[in-house]
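Summary of the model geometry
Chain by chain, the residues run as shown.
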Amino acid sequence: MKRIVLGVQYDGMPWRGWQTQPSGGTVQDTLETALKKFAVTDIATTCAGRTDAGVHAIEQVVHFDTDLSRDMFSWVRGVNAFLPPSISVRWACEVPNDDRHPAGQGFHARFSAMARTYYYAIYNHPVRSPLLAGKAGWVFRPLDVERMRAAARYLIGTHDFSAFRAAECQAKSPVKTMQEINIARHNDVIICSLTANAFLHHMVRNIVGSLIVVGNGNQEPGWIKDILESRDRSRAAPTFMPDGLYLAKIAYDAKWALPQEAISFFPYGK
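Here's what I pulled together on the structure shown here. Owing to the predicted nature of the structure, the values given are computational and were not obtained by experimental measurement.

Looking at the overall build of the chain
The secondary structure content of the chain amounts to 5 helices and 10 strands. Scaling as 2.2 N^0.38, a compact globule of 270 residues should have a C-alpha radius of gyration of about 18 Å, and the chain matches this with 19 Å. Within the chain, the proportion of its 270 residues that are buried is 53%. Pairs at least 24 residues apart make up 70% of the contacts formed inside the chain by residues separated by at least 6 positions. Put simply, the chain shows about 12,700 Å² of open surface, and 51% of that area lies on carbon and sulfur atoms. Positive and negative side-chain charges of the chain, numbering 30 and 25 respectively, have mean locations separated by a distance of 2 Å.

A few points about the side chain of Asp160
Mapped onto the elements of the fold, Asp160 is located in strand β7 (residues 157–160). Within the structure, the side chain of Asp160 is placed 2.6 Å from the side chain of Ser162, a separation counted as a polar contact. With residues up to four places along the chain from it excluded, the contact list for Asp160 reads Pro174, Val175, Leu228 and Arg231.

Quick look at unusual backbone geometry
Most of the time, phi is negative for any residue but glycine, and the peptide bond is trans. In this structure, Arg231 is a non-glycine residue whose phi angle is positive, near 60 degrees. Counting through the fold element by element, Arg231 comes out in the loop between α5 (222–230) and β10 (245–251). On the basis of relative accessible area, Arg231 is assigned to the exposed category, the value being 53%. For Ala257, which is not a glycine, the phi torsion comes out positive at approximately 50 degrees. When you line up the elements, Ala257 lands in the segment after β10.

A word on helix α3 (residues 145–152)
Those residues of α3 that sit buried are Val145, Met148, Ala151 and Ala152. What you see down the axis of α3 is that its buried residues fit within an arc of 120 degrees, all on one side. Turning to α3, the residues buried within the fold contact β5 (115–124), β8 (175–186), β9 (189–196), α4 (203–215) and α5. You can read the cap of α3 off the contacts: a side-chain oxygen lies 2.9 Å from the backbone nitrogen of Glu146, and it is on Asp144.

Side note on the environment of Ala151
With respect to the helices, strands and loops of the structure, Ala151 is situated in helix α3. Not counting the four nearest positions on each side in its chain, Ala151 is found in contact with Leu211, Val214, Pro221 and Ile224.

Some thoughts on the pattern of salt bridges
Under the criterion given, the structure shown has 10 salt bridges. Across the pair Arg147 and Glu220 runs a salt bridge, and its minimum N-O distance is 3.6 Å. Residue Arg147 is found in helix α3, and its partner Glu220 is found in the loop between α4 and α5; the two are separated by 73 residues along the sequence.

Focus: the pairing of β8
In regular strands, side chains alternate between the two faces of the sheet. In this sheet, β8 lies alongside β7 in antiparallel orientation, the contact comprising 4 bridges. Across the sheet, the residue bridging to Gly157 is Met178, located in β8. For β8 and β9, the ladder comprises 8 bridges, and the chain directions are antiparallel. Bridge pairing in β9 links Ala184 to Ile191. In this antiparallel pair of consecutive strands, β8 and β9, the connection spans 2 residues, and Asn187 shows a positive phi of 60 degrees.

Here we look at the packing of α3 against α4
The packing of two helices is summarised by the inter-axis angle and the distance between the axes. For the pair α3 and α4, interaxial distance at closest approach is 8 Å and the crossing angle is 130 degrees. For the element pair α3 / α4, the angle class is oblique. Relative to α4, the crossing made by α3 is right-handed. Along its contact with α3, which presents Arg147, Met148, Ala151 and Ala152, the element α4 presents Leu211, Ile212, Val214 and Gly215. Considered class by class, the residues forming the contact of α3 with α4 number 6 nonpolar, 1 polar and 1 charged.

About the cut-offs
Residues numbered from 1 in each chain as written. Predicted model: local features only at pLDDT ≥ 70, side-chain atom pairs only at ≥ 80, totals over all residues. Heavy atoms only, no water. Helix = DSSP H or I, 4+ residues; strand = E, 2+ residues; numbered from the N terminus. Rg over C-alpha atoms; globule rule 2.2 N^0.38 Å. Buried < 20%, exposed > 50% of the residue type's maximum accessible area, 1.4 Å probe, protein only. Contact = heavy atoms within 4.5 Å. Areas by Shrake-Rupley, 256 points an atom, 1.4 Å probe, with all protein chains shown as cover. Lys, Arg positive; Asp, Glu negative; His and termini not counted. Charge placed at Lys NZ, Arg CZ, Asp CG, Glu CD. Polar contact = N/O pair within 3.5 Å; in protein donor to acceptor, adjacent residues only side chain to side chain. Arc of directions from axis to C-beta. Salt bridge = Lys/Arg side-chain N within 4 Å of Asp/Glu carboxyl O. Pairing = 2+ DSSP bridges. Axes fitted to C-alpha atoms, helices over the stretch in contact; angles between N-to-C directions. Parallel < 35°, antiparallel > 145°, perpendicular 65-115°, else oblique. Left-handed = near helix turned anticlockwise from the far one by under 90°. Nonpolar A, V, L, I, M, F, W, Y, C, P; charged D, E, K, R; others polar.

Here's what the structure looks like:
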């Protein structure tokens, strides 16, 4: 059996998230249906990180096993022929497959990942923009990016992120390592970029919601430190809308030689 890896990009607005559901309507369901039509056999996929309804992906990474022999570009063109405009396979490659070590010697989209980067786009303007509906979270009060950056610094490092964890989160441990947070303004759009070894359910949206409370002056930057140390979800801001959240990048060891793209398509700048 060959192990094939795909780079998948999607607009999350029409979908009920990544993970398959009995009623369908998810990115995984749609991708696996397209794979079946192209390969004329059932193909099950595994992704690097599940996304919720309305959340987008600049580069989701997916693997599957097959005994079919196809050129890699045939997987791209062939599967895309059966996908709707909101989902696209951007690249494909074959990687070593060792079923005895699914998280070790053989490549695994989830377990081989070294880090994940998410973007959150905030449209900061007194009036909402219909052109950004579903693509950016809207905040009408002015936000101070410097205050948000000062607050974000408290989150860098290895911490228990229970205060930013959804109640339904299934992660075994709330301890994660936040490697980097960058916040930049591009005219009326603010981009929050967060990189960690892994994220809890709703962690990015909960963090962004709390940074917004600091940015609009309702709390001081040190409030984020107090929330983090409390490990109490009720003390943080409400979960912010999914509209502006993008799974941007999954980092892997260079030994896998994945043809990952630079983040060249992002309408708000990097």
